[in-house]
Amino acid sequence: MSSADRLIIFDTTLRDGEQSPGASMNMEEKLRIARALERMHVDVIEAGFPVASPGDFAAVKAVAAAVKESTVCGLARALQKDIQTAGEALKPAVRGRIHTFIATSPIHMEKKLRMSPDQVVEQAVQAVKWARQYTDDVEFSPEDAGRSESDFLCRILEAVIDAGATTLNIPDTVGYNLPHQFGNLISELIERIPNSDKAIFSVHCHNDLGLAVGNSLSAVLNGARQVECTINGLGERAGNASLEEVVMAVRTRQDLFSCDTRLDTTQIVPCSKLVSGITGFPVQPNKAVVGSNAFAHESGIHQDGVLKQRETYEIMRAEDVGWSANRMVLGKHSGRNAFKTRLQDLGVEFETQDELNEAFARFKDLADKKHEIYDEDLQALVTDATQWSSDERFRLVALRVCSETGESPEAEVTLMIDDEERSGQATGAGPVDAVFRAIELLVDSQAKLDLYSVNSITEGTDAQGEVTVRLDKEGSMINGQGSDTDIVIASAKAYVHALNRVVEPDQRAHPQL
Ligand code: KIV
Ligand code: ZN
């Protein structure tokens, strides 16, 4: 594929996606997602914002060391400290990119940055020069380009190309543009900037008006050759353009697009499930491509049509986006080696023999309860196991629930709190309510339950339930997940997981600050 025919997919699930309230991920989780993205042949993985916190720095460094095929990118404001830190974090990368940005809209320059347009141009040029000291692959974003003046965009973009920027990313930071308008902006920039042929034009669209994918596609039709997107459309506020929708629109409408991605689309659904499991953000059933109903036909007329000729109502094949990947992989008699190999295929590496042994013991427990173990079960099992492997303050030791008709359900919960075992009992409106009340008697977190959701990981009544709990503690939202074939136990695990995150709030700085 020549560069004109190739659409570069830049995934920012680990950076912008992680900016969704409650979606923060630990290093091991980020590594699993990064490996899955690499397996899917994503071109660029934005692994984080290294200056934001020591945890972000370590995660970008770990992803840079683990990923060999995709380019690994780190975000940096147009500040020397940010760029140096990003350069350091990316040192282990085979291919590393620094993505630096500064706002260019009148409102951002005047009210947020308190800088004049001249100062902004000077800072942007300087930032690109600093970044070039670490890598030849430098991306520049004029933040809030969607509300910036096009004359000013032309001026700053021409200057940063001269300074060495190789990708120009045009963000619709607040999701304000309409598709025809955003497409026109891209073609205008490409036409008017004299050195525009020296850089690749990229777009980064937010979904505040539900137009992120539409705007991104319109930009591609007008010459953009990189799209920034996230799995399941995760991201700040209403999210980013969803990778699966952009990639499948371009692949399905090759009659209209003169470019294509090099993605292995069969990895889309497994990747979507992985991200949903790790973040605890369920995918809505009617979500395009990756929703559980995306290929389901309810009406008799549609079913009849599909049976006669699939194309009557299906424009894509479910197996092409990875729905068939939902197959039985392991069972009760599978050995440690098969277990380890399958998890390696899913991007999970165990650092020590003890970790492998512990995960294998959990697998055997699960296989006793459930005959058929799918990839999704394995992923949930690993997510569950990694939550308890570090020095967490609270651990669920035991749980007993009594539910009977006409009586209030009762729960008795035993937790290990700072190495001390303590038990509490409570009644509630239902068994889950009773469990949460019993936990709160022991912990007294003062957090408010904001969201409780249960999803079945696979099909059948023996499926594991995956529970997400979102707690609100003084305005910060913290998610917890738990999975188990018993949904009351899964709920308790999720609640305790969230509590462990409440006591150790993430001190990460926000990139747009
Ligand atoms: O939305 C945005 O403007 C961003 C930039 C950092 C590219 O995320
Ligand atoms: Zn963004």
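All values derive from a computational prediction rather than experimental measurement.

K.L.:
What is the right way to look at the domain arrangement of the chain in this model?
P.N.:
For the chain, the domain assignment lists domain 1 (8-279), domain 2 (295-326), domain 3 (336-373) and domain 4 (394-502). One C-alpha centre belongs to domain 3, the other to domain 4; they are set 25 Å apart. Counting residues at the interface gives four residues for domain 3 and six residues for domain 4. Of the roughly 410 Å² buried between domain 3 and domain 4 on both sides combined, carbon and sulfur atoms contribute 48%. Three residues stand out in domain 3 for area buried against domain 4, namely L366, K369 and K370, and they jointly supply 89% of the buried area on that side. Between domain 3 and domain 4 we count one salt bridge in total. Note that D484 is salt-bridged to K369, the shortest N-O span being 3.8 Å.

K.L.:
Honestly, the environment of F394 in this entry has me stumped. Any pointers?
P.N.:
By secondary structure assignment, the location of F394 is in strand β11 (residues 394-402). Remark: the alpha-carbon pair of F394 and M27, spanning 367 residues in sequence, is separated by 20 Å.

K.L.:
Sorry if this is basic, but what is going on with the coordination of the zinc ion (ligand 2) here?
P.N.:
The expected angle between donors at a tetrahedral four-coordinate metal is 109.5 degrees. At an octahedral six-coordinate metal it is 90 or 180 degrees. Here the zinc ion (ligand 2) is held by the protein donor atoms D16 (OD), H204 (NE2) and H206 (NE2), which lie 2.0 to 2.1 Å from it. All donors to the zinc ion (ligand 2) come from one chain, and their sequence spacing reads D-x187-H-x1-H. Of the two residues, D16 sits in the loop between β1 (8-11) and α1 (27-39) while H206 sits in the loop between β7 (200-205) and α8 (212-221), which places them 190 residues apart along the sequence. Taking the relative accessible area as the measure of exposure, D16 reaches 1% and is therefore buried. Judged by relative accessible area, which is 3%, H206 ranks as buried.

K.L.:
What should I look at first to understand the nonpolar core in this one?
P.N.:
In globular proteins that are soluble, nonpolar side chains generally tend to be buried together. The biggest cluster of nonpolar side chains holds 94 residues, and the ones touching the most others in it are M40, F140, L157, I170, L189, V203 and L243. When residues are assigned to domains, this core turns out to be shared by domain 1 (8-279) and domain 2 (295-326), each giving three or more. In contact with I170, not counting residues within four places along its chain, are P142, A145, L157, F182, L185, I186, L189, F201, S202, V203 and H204.

K.L.:
In this structure, what is going on with the pairing of strand β3 (residues 71-77)? I would like to understand it.
P.N.:
If a strand is regular, its side chains alternate between the two faces of the sheet. Across the seven residues that make up β3, a large majority, six, are buried. The pairing of strand β2 (residues 44-48) with β3 spans four bridges and is parallel. The partner of E46 across the bridge, within β3, is C73. Handedness of the crossover joining β2 and β3 through helix α2 (residues 54-66) is recorded here as right-handed. As paired strands, β3 and strand β4 (residues 96-103) are joined by six bridges and run parallel to one another. Each bridged residue has a counterpart across the sheet, and for A76 the counterpart in β4 is T100. Of the crossover connections in this fold, the one passing from β3 over helix α3 (residues 80-89) to the parallel β4 is right-handed.

K.L.:
When you look at the packing of aromatic side chains in this model, what are you seeing that I'm missing?
P.N.:
How two aromatic rings sit relative to each other is set out by the distance from centre to centre and by the angle between their planes. Counted under the stated rule, the structure contains six aromatic pairs. Seen in terms of ring centroids, F436 and Y452 are 5.9 Å apart; in terms of plane orientation they differ by 75°. Their pairing is edge-to-face. Residue F436 is located in helix α15 (residues 431-443), and its partner Y452 is located in strand β14 (residues 448-456); the two are separated by 16 residues in the primary sequence. Taking relative accessible area as the criterion, F436 reaches 8% and is therefore assigned buried. Following the ring pairs from residue to residue traces out a cluster consisting of F339, F350, F360 and F363. Against the face of F281 rests R470, its NZ or CZ located 5.3 Å from the ring centre.

K.L.:
Help me understand the site of ligand 1, please; the structure alone is not making it clear to me.
P.N.:
Every residue close to ligand 1 is listed here: R15, D16, H99, F101, S141, E143, N169, P171, T173, H204, H206 and Q512. Separating an oxygen atom of ligand 1 from a side-chain N or O atom of H206 is a distance of 3.0 Å. Burial of ligand 1 by the surrounding chains reaches 100%, relative to a free accessible area of 260 Å². For the shell around ligand 1, the secondary structure elements donating two or more residues are β4, β5 (138-143) and β6 (167-172).

Conventions and cut-offs
- Residues numbered from 1 in each chain as written.
- Chains lettered and ligands numbered in written order.
- Predicted model: local features only at pLDDT ≥ 70, side-chain atom pairs only at ≥ 80, totals over all residues.
- Heavy atoms only, no water.
- Domains from an automatic or database assignment.
- Contact = heavy atoms within 4.5 Å.
- Buried area = accessible area lost by both parts, 1.4 Å probe.
- Salt bridge = Lys/Arg side-chain N within 4 Å of Asp/Glu carboxyl O.
- Helix = DSSP H or I, 4+ residues; strand = E, 2+ residues; numbered from the N terminus.
- Donors = N, O, S within 2.8 Å, 3.2 Å for Na, K, Ca; no water.
- Buried < 20%, exposed > 50% of the residue type's maximum accessible area, 1.4 Å probe, protein only.
- Core = buried A, V, L, I, M, F, W, Y, C linked by side-chain atoms within 4.5 Å.
- Pairing = 2+ DSSP bridges.
- Right-handed = clockwise from strand over helix to strand, strands pointing away.
- Phe/Tyr/Trp six-rings, centres within 6.5 Å; stacked < 30°, edge-to-face > 60°.
- Lys NZ or Arg CZ within 6 Å of the ring centre and 35° of its normal.
- Near = heavy atom within 4 Å.
- Polar contact = N/O pair within 3.5 Å; in protein donor to acceptor, adjacent residues only side chain to side chain.
- Areas by Shrake-Rupley, 256 points an atom, 1.4 Å probe, with all protein chains shown as cover.

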